Amino acid sequence: MSHPCLSCGACCAAYRVSLHWSEAEPSLGGVVPVALTEVLDAHQRCMRGTWSKQPRCVALEGDIGGRTHCTIYDARPSACRELRMSWEDGAPNPQCDRARALYSMAPLTKEDAEAGLAAG
Ligand code: SF4
Ligand code: SF4
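Residues numbered from 1 in each chain as written. Chains lettered and ligands numbered in written order. Predicted model: local features only at pLDDT ≥ 70, side-chain atom pairs only at ≥ 80, totals over all residues. Heavy atoms only, no water.

Participant: Explain the overall build of the protein to me, using residue names and the numbers behind them.
Facilitator: When you go through the protein residue by residue, the secondary structure sums to 3 helices and 5 strands. From first element to last, N terminus to C terminus, the protein shows the α and β order β-β-β-β-β-α-α-α. For a compact globule of 120 residues, the expected C-alpha radius of gyration is about 14 Å, and the protein comes in at 15 Å, within 12% of that figure. Along the first, second and third principal axes, the C-alpha atoms of the protein reach 40 × 30 × 25 Å. (Helix = DSSP H or I, 4+ residues; strand = E, 2+ residues; numbered from the N terminus. Rg over C-alpha atoms; globule rule 2.2 N^0.38 Å.)

Shown next, in the form of structure tokens:
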């Protein structure tokens, strides 16, 4: 079994993904490609495509629930790095569960997560 996120992607198409503007400012060490973001307010930007009624991040490739991947994985915002799949830290994560439910996918079980992490 591969990592469950690689056959999901739901959280990249469920929420507005906000970031402090400095995360997309290279002179301050920001690595998020600014062209893939838009201004949210004086302090924040968000990933393009996620500030809409039917959010979907422009950096997401693939079909939700099929094969998906983040095209800027190493340069993704901190909000994405911080969103853990359910049971990754030993407990369910409602954000993961809610996103999956939007696409009619069952919440991950502890066993799903453990098997996915073991497979790498
Ligand atoms: S964190 Fe959860 S919702 Fe996001 S891709 Fe992984 S399994 Fe899917
Ligand atoms: S930057 Fe990558 S991980 Fe973050 S929402 Fe977009 S596709 Fe998902």
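Once the structure has been displayed, the description carries forward.
Participant: Explain the site of ligand 1 residue by residue, including any values.
Facilitator: In the vicinity of ligand 1, the contacting residues are Cys-5, Cys-8, Gly-9, Cys-11, Leu-83, Met-85, Cys-96, Arg-100 and Leu-108. Among the residues forming the shell around ligand 1, the class breakdown is 7 nonpolar, 1 polar and 1 charged. (Near = heavy atom within 4 Å. Nonpolar A, V, L, I, M, F, W, Y, C, P; charged D, E, K, R; others polar.)

Participant: Describe unusual backbone geometry, and please don't skip the residues or the numbers.
Facilitator: Note: most peptide bonds trans; most residues except glycine with negative phi. Look at Trp-87: it is not a glycine, yet its phi comes out positive at around 75°. Positionally, Trp-87 belongs in the loop between helix 1 (78–82) and helix 2 (94–102). Positive phi, normally seen in glycine, also occurs at Ser-104, with a value near 60°. As for its placement among the helices and strands, Ser-104 is situated in the loop between helix 2 and helix 3 (110–119).

Participant: Break down the site of ligand 2 for me, citing the residues and quoting the values.
Facilitator: Inspection of the region around ligand 2 gives Cys-12, Val-17, Cys-57, Ala-59, Leu-60, Cys-70, Ile-72, Pro-77 and Cys-80 as its neighbouring residues. Residues belonging to the shell around ligand 2 are distributed by class as follows: 9 nonpolar, no polar and no charged.

Participant: Which residues make up the pattern of salt bridges, and what are the values?
Facilitator: Once the charged atoms of two side chains with opposite charge are near each other, the side chains can pair. Summed over the entire model, instances satisfying the criterion amount to 2 salt bridges. Between Glu-88 and Arg-84 there is a salt bridge, with its nearest N and O atoms 3.5 Å apart. The partly exposed category is assigned to Arg-84, whose relative accessible area is 33%. One salt bridge connects Arg-84 with Asp-89, and the closest N-O pair in it is separated by 3.4 Å. When salt bridges with common partners are traced through the structure, they connect Arg-84, Glu-88 and Asp-89 into a single cluster. (Salt bridge = Lys/Arg side-chain N within 4 Å of Asp/Glu carboxyl O. Buried < 20%, exposed > 50% of the residue type's maximum accessible area, 1.4 Å probe, protein only.)

Participant: Let's hear about the environment of Gly-116: which residues, and what values?
Facilitator: With respect to the secondary-structure elements, Gly-116 resides in helix 3. Along the primary structure Gly-116 and Gln-54 are separated by 62 residues, whereas in three dimensions their C-alpha atoms are 28 Å apart. Gly-116 has contacts with Met-1, Ser-2, His-3 and Pro-4, leaving out every residue within four places of it along the chain. (Contact = heavy atoms within 4.5 Å.)

Participant: A description of the sheet that holds strand 3 (residues 44–47) should follow, citing residues and the corresponding values.
Facilitator: In any sheet, the strands associate via hydrogen bonds between backbone groups, in a parallel or an antiparallel arrangement. With respect to topology, 3 strands assemble into an open sheet ordered 1-3-2, the strand pairing being antiparallel. Strands with a single pairing partner mark the edges of an open sheet, and in this sheet they are strand 1 (18–20) and strand 2 (37–39). Looking at each pair of strands side by side, their axes are set apart by 40° on average, direction ignored. Bridge count for strand 2 against strand 3 is 3 bridges, and the pairing is antiparallel. Paired with Thr-37 across the two strands is Met-47, which belongs to strand 3. (Pairing = 2+ DSSP bridges. Axes fitted to C-alpha atoms, helices over the stretch in contact; angles between N-to-C directions.)

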